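# Topology and contacts: notes
Given next are the chains, with one letter for each unit.
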Amino acid sequence: MLSTVEKIQQVFIRRFTLLMIVESIIRFIICLSFTEKLYAFILAGISVTFVVFYIFSVKGLLKPFHNIILILSLYFLSHYFYVMGAYKFIPITVFWFLIIPMALRIYFSNKIWILSLLPIAASIIFMPQVSAFVGIPSQYKMIILDNYELPTVEFIVNFFIAVIVLYIVFTAYYLWKVLIIQNPKLKMYYNLLRKLKKADQDSIFEEDSKDNQSIRDARLLGVYELIIHYIESSKCYLDSDYTLEQLASELKIHKNTVSISLSHIGQISFKGLLNKYRINAAKDLFDNDIFRENNIKQIYMGVGFKHNTTFNRVFKQSEGITPSEYIISLAKKKMNTM
């Protein structure tokens, strides 16, 4: 059974090979437009070779050690000749070789990684002599720089810069995954950073939530004040059939918003609010001796109640006594003041 590191290595080499196949095919298509077709044929052969290596990797026909060495060797050779021709005009192409020690460290120890730097450094140091001897820079200038307009040359250059960055980011990602497994301290620091980042995000989220809550509360308070002002001025509570939908329609506010503002700000339901105003209206009539001219039925129906039992129940819940008891208490107060 493969270990976690071995699984990462397996995934890396397969995806790395796929990346090289795609790059080789694109370079092959670009080279087809060159007058000299030799480069296109070479890249076609390289693409086929990468495909074969990929199949071998998937089928498990090559050992991991042989697989990575063969793939990186072919990667080095296929890019070395291009870099020899381009580095004088595009120095950044030298970074193509940075991928090799990074990829080797995914598979091998730090010693192998350090040793791999020596031949790569030597290849770069002696590149001017080798390229001058072979005459590759002049060929690069003749094939690309002298035969294409500036926009086309810029496109080719930018494409290869993007490929270099992609290789570096891709390889660095898998190298990091291996390093945090192999190095307990690094893994500990990584987990600590993740926890700190999560804590910061949670803190920001809480602050945002508080800000959003404040904005929501302010909006609901405005709606609540509008509702109270409208009910008091329109005396809509006197209509026994008045509904939440009617109020929402008249205020041009969604009924859910009206209901939420009443419960959240006023701590009361729509029906409870109407009954509160109805009871206050009934008390005003009792206080003004209207009950002497009208019976209780006319009063409770006049303030918005349909049934005596409902009126009595709501009145007692609000005042602690029944309407009749309230009238008697008013009469006693008036007698005492005489």
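Given the structure is predicted, the values throughout are model-derived calculations rather than measurements.

The subject of this paragraph is the overall build of the protein chain. When helices and strands are tallied, the protein chain shows 16 helices and zero strands. Within the protein chain, buried positions represent 35% of all 338 residues. Just so you have it, the protein chain exposes about 20600 Å², and 64% of that area is on carbon and sulfur atoms.

Attention now moves to the packing of helix H12 (residues 270–287) against helix H15 (residues 308–319). Interaxial distance between H12 and H15 falls to 10 Å at its minimum, and their mutual angle equals 90°. It follows from the interaxial angle that H12 and H15 lie roughly perpendicular. Contact residues: Asn275, Ile279, Ala282, Lys283 and Phe286 in H12; Phe311, Val314, Phe315, Ser318 and Glu319 in H15.

So, about the nonpolar core. Counting residues in hydrophobic clusters, the biggest one holds 46 residues, and the most contacted among them are Phe12, Phe16, Tyr75, Trp96 and Tyr167. When residues of this core are traced back to their parent elements, those giving at least two are helix H1 (4–31), helix H2 (38–59), helix H3 (64–86), helix H4 (99–107) and helix H8 (150–182). In this view, Phe16 contacts Ile71, Leu72, Tyr75, Ile99, Tyr167, Phe170 and Thr171; residues no more than four positions away in its chain are not counted. If you look at the next biggest cluster of nonpolar residues, it comprises 33 residues, including Ile228, Leu251, Tyr300 and Tyr326.

Across all of its chains, the model carries four salt bridges by this definition. The partner of Arg27 in a salt bridge is Glu23, with the nearest N and O atoms 3.3 Å apart. On the criterion of helical spacing, the pair formed by Arg27 and Glu23 is a turn pair, its members being four residues apart in helix H1. Each of the two residues, Arg27 as well as Glu23, counts as buried. The salt bridge involving Glu319 is made with Lys283; its shortest N-O contact spans 3.2 Å. Highlighted residues: Glu319 in helix H15 and Lys283 in helix H12, separated in sequence by 36 residues. For Lys283, a relative accessible area of 18% corresponds to the buried category.

This part is about unusual backbone geometry. Not every positive phi belongs to a glycine, and Lys235 is a case in point at roughly 50°. For Lys235, the location among the structural elements is in the loop between helix H9 (184–234) and helix H10 (244–251). Residue Lys235 is classed as partly exposed on the basis of its relative accessible area, which comes to 43%. Its identity is not glycine, yet Gln267 carries a phi of approximately 55°, on the positive side. You can see Gln267 is positioned in the loop between helix H11 (255–264) and H12. Here Gln267 falls in the exposed class, since its relative accessible area comes to 65%.

Once that is clear, we can look at helix H5 (residues 110–125). Taking 1.5 Å as the rise per residue, H5 with 16 residues should run 22 Å; its terminal C-alpha atoms sit 23 Å apart, in good agreement. Among the residues of H5, Ser116, Ile120 and Ser123 are the ones counted as buried. For H5, the arc enclosing every buried residue in end-on projection is 45°, short of the 170-degree limit, so these residues lie on one face. Exposed and facing more than 90 degrees away from the buried side of H5 are Lys111, Leu115, Leu118 and Ile125.

A word on the environment of Ala103. Along the chain, Ala103 turns up in helix H4. Given a relative accessible area of 0%, Ala103 falls into the buried group. Separated by 35 residues in the primary sequence, Ala103 and Ile68 place their C-alpha atoms 8.4 Å from one another. The contact partners of Ala103, leaving out residues within four places of it in the chain, are Phe12, Leu72 and Thr171.

Tracing the sequence through the fold places Phe270 in helix H12. As a C-alpha pair, Phe270 and Ile260 span ten residues in sequence and 9.8 Å in three-dimensional space. For Phe270, the residues in contact, after removing those within four places along its chain, are Tyr242, Thr243, Leu244, Leu247 and Leu262.

All of the buried residues along H11 are Thr257, Val258, Ser261 and Leu262. End-on view of H11: buried residues confined to an arc of 130°, all on one side of the axis.

Moving on: the packing of aromatic side chains. Within a pair of aromatic rings, the relevant descriptors are the distance that separates the centres and the angle that separates the planes. Enumeration over the complete set of coordinates arrives at 18 aromatic pairs. Their ring planes at 50° and their centres at 5.6 Å tell us that Phe16 and Tyr75 sit as a pair that is tilted. Placement of Phe16 in helix H1 and of Tyr75 in helix H3 is noted, with a sequence separation of 59 residues between them. When its relative accessible area of 0% is taken as the criterion, Phe16 is described as buried. Centre to centre, the rings of Phe76 and Phe97 are 5.4 Å apart; their planes meet at 45°, and the pair counts as tilted.

Calculation notes
Residues numbered from 1 in each chain as written. Predicted model: local features only at pLDDT ≥ 70, side-chain atom pairs only at ≥ 80, totals over all residues. Heavy atoms only, no water. Helix = DSSP H or I, 4+ residues; strand = E, 2+ residues; numbered from the N terminus. Buried < 20%, exposed > 50% of the residue type's maximum accessible area, 1.4 Å probe, protein only. Areas by Shrake-Rupley, 256 points an atom, 1.4 Å probe, with all protein chains shown as cover. Axes fitted to C-alpha atoms, helices over the stretch in contact; angles between N-to-C directions. Parallel < 35°, antiparallel > 145°, perpendicular 65-115°, else oblique. Contact = heavy atoms within 4.5 Å. Core = buried A, V, L, I, M, F, W, Y, C linked by side-chain atoms within 4.5 Å. Salt bridge = Lys/Arg side-chain N within 4 Å of Asp/Glu carboxyl O. Expected span 1.5 Å × (residues − 1). Arc of directions from axis to C-beta. Phe/Tyr/Trp six-rings, centres within 6.5 Å; stacked < 30°, edge-to-face > 60°.

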